[in-house]
Structures are given as C-alpha cells and as structure tokens.
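Each chain, written out:
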Amino acid sequence: MNTLIKNVSFQEWISSWNSGKITAPEHSTNYLDQLRTNAVNHIAALKFPSTRDEEWRFTDITPLKHAAFKQPSAATELTASDLTQYFIDESVIRIVFVDGQYMPGLSSTAAQHGVTIDSLSKLVATDISAVTQHLGQIAEYHNNAFVALNTAFMQEGVGIVISENIVVDAPIHVLFVATQQEVTACPRCLLVVGAGSRITLVEEYLALTDCAYTTNAVIEAQLADSANVNHIRLQRESREAFHIANTSVQIAHAASYQSISIALGAQISRFDQHISLADQHAQCSIDGLTLISDQQLADTHTWIDHIKPQATSRQLHKCIADGSAHAVFSGKIIVRPDAQQTDARQMNRNLLLSDKASIDTKPQLEIFADDVKCSHGATIGQLDADALFYLQSRGLNLASARNLLTYAFGAEVIDFIPVDSVKQQLADLILAKTRIH
Amino acid sequence: MIRADSSILLEVHDLHANVEDTEILKGLNLTVKRGEIHAIMGLNGSGKSTFAKVLAGHPAYRMTGGEILFNGMDITSLAPEERARAGLFLAFQYPVEIPGVANDQFLRLAYNTVQRQRGKEELDPLEFDDFVREKMKLLDMNPGFLDRSVNEGFSGGEKKRNEILQMALLEPMLAVLDETDSGLDIDALRIVAKGVNQLASQDNALILVTHYQRLLDYIEPDYVHVMEAGRIIKTSGKELALELEAHGYDWISGDKTRASGVQP
C-alpha cells in the first residue's frame, strides 16, 4: 500500500484513479450539464476530509484515500432473475442501479397516474420543472467533496416525481447493487413529492459479491405542503466496501417525513442526513440503527434544521458495536431565531458488546429561539447481567442469550419500519447475524 | 406428597456461598424427593433467595463449599442453561423485563431449546401457538400477553403468571419458586397457586421460598424449613408455618435443638 500522504486534495485522489481525470461535459446549456460542469470545476477547491476536520473527527477514512478506484466500466450484464431474491414483496415500482448507473431494463416503473420516474438526463431534457427546480439545490456540494463528486456524475441518476394529491400505497424500492471490484459508483436520486401526496420509499444498498468498491450516493428530496414520506434506508454493502452517502430533505408546510436508516454493512461507512424543516408545522422523525462488528466503522451524522415556527422533530438513534468495531453518531439540532415553538427531541442509545469496540457520540443542540421545547440525551451501556441470567435459566446458552438481547436492543428501531416484509427480512437478518435463528 | 419409596431428586450438603466477599450461605443441608413440596421460610436476609439463585447457577453467587446433587449428578460446575435443561427451574422473584423480545418468541425459543436438548420434538410457530394457548388457560392468562414484550409493563401478578407459564412449558423436575406470592393480590395468588398445584406431580418436586404463610394456604407443603443466617435451623411439617405466622420467628431463633435440615 501507499505510504501515508498528507494533505491530499480531492482532485489528487480522483486523478489517482486508473482512468484519470473527470472531465466536464462539453459546451452545453443543458441544466444538468451546467450543474455537472460547476461541480467538476469546484472539486479542485475541495479537500479530502481528514480527522482534523471537526465533522470527520472520529472517522478516519485514510483507507479510502489509499484505495485504487476507478470509474465503473460498462455495466455488468444482469437480468431481473439475478435480483429477484432481493425484491420486496409489496413493491410494484422498482428502480435498480448497478454500480451507480440506473438500469431501466431491470427496473419496473410502469406508468401510474401522477408518478413520473426516469433518468435525470431525460427528465431534464424534457424540461420537467419539478426536476430543474430542485436538482442540485437541496444537496449542497460547495463544502462537501463527496457530494460534489456525485454531482459531477449525476447524469446516471434517477428522478422520482409525484404529482399533487397522489397516494402510492406500495413502497417504491430503489435498489443499489454493486457488482464490480474497485470502482467508485456515484448513484443519484431526486425525489419530488407534490402537495398532499403520500409515498413510502425503500432505499437499499447491497453487493452481489464480497468485493471492495466505493459507493458515493446522494439522495435529494423535496416534500411539498402536507406531503407525507416514509423513507427506509438499508445499508448492507459488502464488508469490504466503502460507503459514503448524503441525504438532504426539504420539508414544506405541514409536510411529514419519517426515516428509518439501518447500517449493517461496509468496511467504512459514513451517512450524512440533512433535514430542513423549512416551514411551519413541518414534521420529521429520523430514526437509525447501526449494527456492526469486527473491524467495521460506521458513522452517522445528522442535522435537523428548524427554520420556521411550530415544527416538530423526533430522533432515536441506536448503535451496537461488537468485536473491534467503531460506531460514531453526531446529531445536531439547530433551532433558528424564527423557529419559535419548536418541539425537538433526540435520543441516542448505544450498546457495547466487547471490550475492544468503541462508540463516539456527539448530540448537539444549537438554539437561537427562546420559546422552544428541546431535549436530547445519550447513553452507553452493556448487556444487562440479570436479563442474561434470566434467559440462561430458561435454557438458552450464553451466546444465544447475548444475541437475543442484542437483537431486542435494535428491534425497537426495526419495529418502526412500516413495510412488513422489510421488517421481517431485517429481523431475520439480524437474528441470523447474531446466530440464534 | 411424601412417599417412602420415592427417589431423591435434590441433595444439598453443607452448602457455602458468597456474594462478592460476603458469606451468605453457611452450611445448608437439604434433601428433596420426587413428589414432595418443601417450603423454605425465614426473615429477610436469612439467605432464602440466595439459596434459590445458587441452585439455578447465578454467576454473581460463588459457591465456596459443599455440594449440590441434582438427580444424582453434581451440578456445581454446570452453567445455568445446563441446569435448566437438566430439569431445574427457578421462578424469579423479580422477573426481568426484556423490551423488544416478543413473549411468544421468547417462550418458543426457551421451549424448543430445552426440547432439543432433551431429544424431544420442537414446535414450529403455529404448533407452538396452539400449545402455549392451552397452557395459558391453566393460568387464566389473556393470549394478548403473547404479543407483548417479555414482562414489559406487566403487573406484578401478570409477571408471576408468566413465570408459572414458563414452568408449565419447560416441565421441570424441580421448580424453585422464589417469593412467588410477593406482590400478588388474593385473586392472583389463587390463580397462580391453582396453576402450580396442577403442575405438581409424583414425579417432580417443588421448593417454595416464601416470607409469609399465605401462599401455603393454597399450596400445601410436606415440609417447612426455617432459615437463619445461611442455614436451615428448623424443619417440621406444614403446621410449623402456622406457628411462625402466629408467633413470628423469634421463638425459633437461637433454638439449641437445631434441625440438621435433613428430614428424618
């Protein structure tokens, strides 16, 4: 491997890729191409994050900097039958990405009234205003090298546009599949949900082989007035993978956003979630569960920004770290001067399963208004000895008892998932992971 | 029921045990045969509950001397789950709440684990559901308790009924009921006692650890033992419980004619 290189710029990292530099699209007045050009030009000004940066203090991504990655070559030939086992029973609409690239042939986006799904380049070409209005506007890249890099590649992304007052009952499944070794995939999604509409989105990352690669994903979402979105996020990448993801959500008047994010996979993962409660009576609940072991590192950073009065936010984030794993949670709640009568509650609970595991937690409240209800807290603990004995006295061996209690700790978050098959699949997966099934 | 030809199920000889560095049990002797019901009474701090936990193998209690033979086998080096599989059951004084684990899931896991160890048939979720509902009738338990988290938010009486339900499922040879009557109102006590009585047979045995005589009105013991300072200081028939109720423990305390704890 390379020796430690200090102060590598992001540009240098990218130019160390086999295929060389990223080039901006040629002279184009197309909205998407202009966004890409701006991002490409901006990348040179950005640094590769290091633990000297406050937001990366606990998370050392040096191994990613030293990994030799390239842009994906031609997409791997897959057929739907290769993926059937990963499909969600309840889903009708399915959007499949392979190595960061949208695959219409593997997707199922059959016309449904009020639902438009297509590649970003096509949506921009046909001048869908919901797309040109929001694309690149919600996920900010000027201070975030990974978002900038993603933006440079976003022609491969997908837009999901829901008109006003549409209810999509079946969950929309967005599946990001990794198939190639040593590539950096930059999948991008834009979700625009019209006023009064209601959808459930399941965003899932997985790999067909246990190989090393990087996912650098960006999801932008705009919820118009009184829209309601359930957003489930399942990160179960290969244990060799690097996973960097940014989700940015803007929530309008009386709209409601519920997200449940589960992190199980990857060697190193970092998930940034930016929630903007942009108008009165906006609501969000942002729950998360990290379950890692061995040498895994999983970092979740959330920002909940109360901009206008009378908005509500709820957050429960749980981390379970076994082996020599390292979990990080940083949750910032910002209450702006205008955001009177904010109601914000945040709780972070952590479970350490071994002497070598570690968890860093940093709950933060920044309050600039005076009439608010805000609370936050964090706990770190181990499995309860009395509960272990209780289970053992009923015939379970110590390992099973530990695993059942570990599962129980995480189940509180899993139980929030409103899609039964996903909830069940995840329960099975975690019970299997904890070896009692 | 006392029968002369009944085989010995539990033999405890000169049992000594510590919690941290404090000796709690200081030479306890007890013999229990199949078909018998024993009550162990005594003041708080006499070592009753410690004895129950030591029998079950609680890791916080360290045995420092003596031996425990269960069904002829020395169980002192066995883990709690091995004792449970061998047929020993402890009904907890304070059953533990386990948020996030559904009661039916827990009960089925415990049942199947023990069945598997005993070389018996396991039940799938549907079969188990029928089976457990039948057992719940014994205790007038609402099937709604199956869907809730283990003991979470259960009242005192509901927790104790859930303990006896586990006893009914695991069919132990020896059940130790640690203060099962504490926190129960009279109706709950009757229901729990009725369940226990139905589970008692000529092949198994019961040890009731209790502070009060009340439980013994409903579950009739063959022997009553009084514990003090980590030892059994008197053993007699069920009438002893009534005397204790009427006169307290003082009159036995320091009694020079201490019983050995082994039945005649």
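Per an unreviewed UniProt entry, chain B goes by the name Component of SufBCD complex, ATP-binding component of ABC superfamily and belongs to Nitrosomonas mobilis.

Going by what an unreviewed UniProt entry lists, chain A is known as FeS assembly protein SufD and is assigned to Nitrosomonas mobilis.

Our focus in this paragraph is unusual backbone geometry. The phi dihedral of A:D127 is positive, around 60 degrees, even though this residue is not glycine. Residue position: A:D127 is located in the loop between α5 (120-125) and α6 (129-134). Unusually for a residue other than glycine, B:N151 sits at a positive phi of about 60 degrees. On the secondary structure map, B:N151 appears in the loop between β8 (149-150) and α5 (156-170).

Here we come to the nonpolar core. Within the largest apolar cluster, 118 residues are counted, with the highest numbers of intra-cluster contacts made by A:I262, B:L10, B:L30 and B:I207. Every residue in contact with A:I262, bar those within four places of it in the chain, is listed here: A:R233, A:L234, A:Q235, A:L289, A:V413, A:I414, A:I417 and A:L426.

So, on to the sheet that holds strand β18 (residues 343-352) of chain A. In a beta sheet, neighbouring strands pair by backbone hydrogen bonds and run either parallel or antiparallel. Residues and elements named next belong to chain A. As summarised here, the arrangement of the ten strands in space is β2-β1-β5-β8-β10-β12-β14-β16-β18-β20, forming an open sheet in which the pairing is mixed. Unpaired on one side and paired on the other, β2 (101-102) and β20 (373-381) mark the two borders of the sheet. Inspection of the sheet shows β18 paired to β20 by nine bridges, in the parallel sense. Across the sheet, R345 pairs through a bridge with S375, a residue of β20. Running at roughly 155 degrees to strand β16 (residues 312-321), helix α9 (residues 398-414) makes contact with β12 (256-263), β14 (283-292), β16 and β18 of the sheet.

A few words on the pattern of salt bridges. Opposite charge on two side chains permits them to pair, given that their charged atoms come into close proximity. Residues and elements named next belong to chain A. Counted by the stated rule, this structure contains 22 salt bridges over all chains. Put simply, D33 and R36 hold a salt bridge, and the shortest N to O gap is 3.7 Å. Remark: R36 and D33 occur in helix α2 (residues 31-43); sequence separation between them is three residues, near one turn of the helix. By relative accessible area, which is 17% here, D33 ends up buried. Residue class for R36 comes out buried when judged on its relative accessible area of 12%. Among the ionic pairs, D299 bridges to R270, the shortest N-O distance being 3.0 Å. Placement of D299 in strand β15 (residues 297-306) and of R270 in strand β13 (residues 268-277) is noted, with a sequence separation of 29 residues between them. No difference in accessibility class separates D299 from R270, as the two residues are buried. Several salt bridges share partner residues, and in doing so they unite E54, R57 and K362 into one network.

Looking now at the packing of helix α4 (residues 125-137) of chain B against α5(B). Any two packed helices are characterised by how steeply their axes cross, that is the angle between the axes, and by the distance between the axes. All names here are of chain B. It is the contact of α4 with α5, at a shortest axis distance of 10 Å, that shows an interaxial angle of 120 degrees. By the angle between their directions, the pair α4 and α5 is classed as oblique. Crossing angle aside, the handedness with which α4 passes α5 is right-handed. Judged by residue contacts, F128, F131, V132, K135 and M136 of α4 engage L165, A168 and L169 from α5. Among the residues making up the contact of α4 with α5, the classes are represented as seven nonpolar, no polar and one charged.

It is worth spelling out the layout of surface pockets at this point. Any empty space left between atoms is shown by rolling a water-sized probe over those atoms. All names here are of chain A. Space inside the second largest pocket adds up to approximately 730 Å³. For the lining of the second largest pocket, the elements supplying multiple residues, two or more each, are α7 (145-152), β11 (242-251), β13 and β15. Taken together, the residues that form the lining of the second largest pocket break down as 13 nonpolar, eight polar and eight charged.

Turning next to the interface of chain A and chain B. Counting residues at the interface gives 20 residues for chain A and 30 residues for chain B. In total, chain A and chain B occlude about 1900 Å² of area from one another, counting both sides; carbon and sulfur atoms represent 69% of this. Among the residues chain A hides against chain B, the three largest losses belong to A:F389, A:Y390 and A:R394. Together they make up 42% of the total. The interface formed by chain A and chain B contains one salt bridge.

Next up on the list: the packing of aromatic side chains. For any pair of aromatic rings, the description rests on two quantities: the centre-to-centre distance and the angle between the ring planes. Counted according to the given criterion, the structure contains twelve aromatic pairs over all chains. Seen from their ring centres, B:Y111 and B:F128 are 5.7 Å apart, and the 45 degrees between their planes marks the pair as tilted. Of this pair, B:Y111 sits in helix α3 (residues 103-117) while B:F128 sits in helix α4, placing them 17 residues apart in sequence. Each member of the pair B:Y111 and B:F128 is classed as buried. Within the aromatic cluster, the residues linked to one another by ring pairs are A:F97, A:Y102, A:F176 and A:Y205. For A:R233, the ring lying beneath its charged end belongs to A:F271, and the centroid distance is 4.0 Å. In this structure, A:R270 packs its charged tip against the face of A:W56, placed 3.9 Å from the ring centre.

Residues annotated by UniProt as "domain: SUF system FeS cluster assembly SufBD core" (unreviewed entry) correspond here to residues 176-409 of chain A. Here residues 176-409 of chain A runs as 9% helix and 59% strand, with 28 Å between its end C-alpha atoms.

This next bit is on the sheet that holds strand β9 (residues 174-178) of chain B. Residues and elements named next belong to chain B. The six strands lie next to each other as β6-β9-β10-β3-β11-β12, forming an open sheet whose pairing is mixed. A single partner strand is all that each edge strand has here, and the edge strands are β6 (88-91) and β12 (231-236). The average angle at which neighbouring strand axes cross in this sheet is 20 degrees, direction not considered. Note that strand β3 (residues 37-42) and strand β10 (residues 205-209) share four bridges and pair parallel. Bridging from a neighbouring strand, I40 pairs with V209 of β10. Lying on the sheet, α5 is in contact with β6, β9 and β10; it crosses β6 at an angle near 170 degrees.

About the criteria used
Residues numbered from 1 in each chain as written. Chains lettered and ligands numbered in written order. Predicted model: local features only at pLDDT ≥ 70, side-chain atom pairs only at ≥ 80, totals over all residues. Heavy atoms only, no water. Helix = DSSP H or I, 4+ residues; strand = E, 2+ residues; numbered from the N terminus. Core = buried A, V, L, I, M, F, W, Y, C linked by side-chain atoms within 4.5 Å. Buried < 20%, exposed > 50% of the residue type's maximum accessible area, 1.4 Å probe, protein only. Contact = heavy atoms within 4.5 Å. Pairing = 2+ DSSP bridges. Axes fitted to C-alpha atoms, helices over the stretch in contact; angles between N-to-C directions. Salt bridge = Lys/Arg side-chain N within 4 Å of Asp/Glu carboxyl O. Parallel < 35°, antiparallel > 145°, perpendicular 65-115°, else oblique. Left-handed = near helix turned anticlockwise from the far one by under 90°. Nonpolar A, V, L, I, M, F, W, Y, C, P; charged D, E, K, R; others polar. 1 Å grid on protein atoms, 1.4 Å probe; cavity = no way out; pocket = protein on both sides within 12 Å on 5 of 7 lines; lining within 4 Å. Points joined across faces, edges and corners; volume = space filled by probe spheres on them. Buried area = accessible area lost by both parts, 1.4 Å probe. Phe/Tyr/Trp six-rings, centres within 6.5 Å; stacked < 30°, edge-to-face > 60°. Lys NZ or Arg CZ within 6 Å of the ring centre and 35° of its normal. UniProt positions renumbered as here; feature names shortened; annotations may be inferred.

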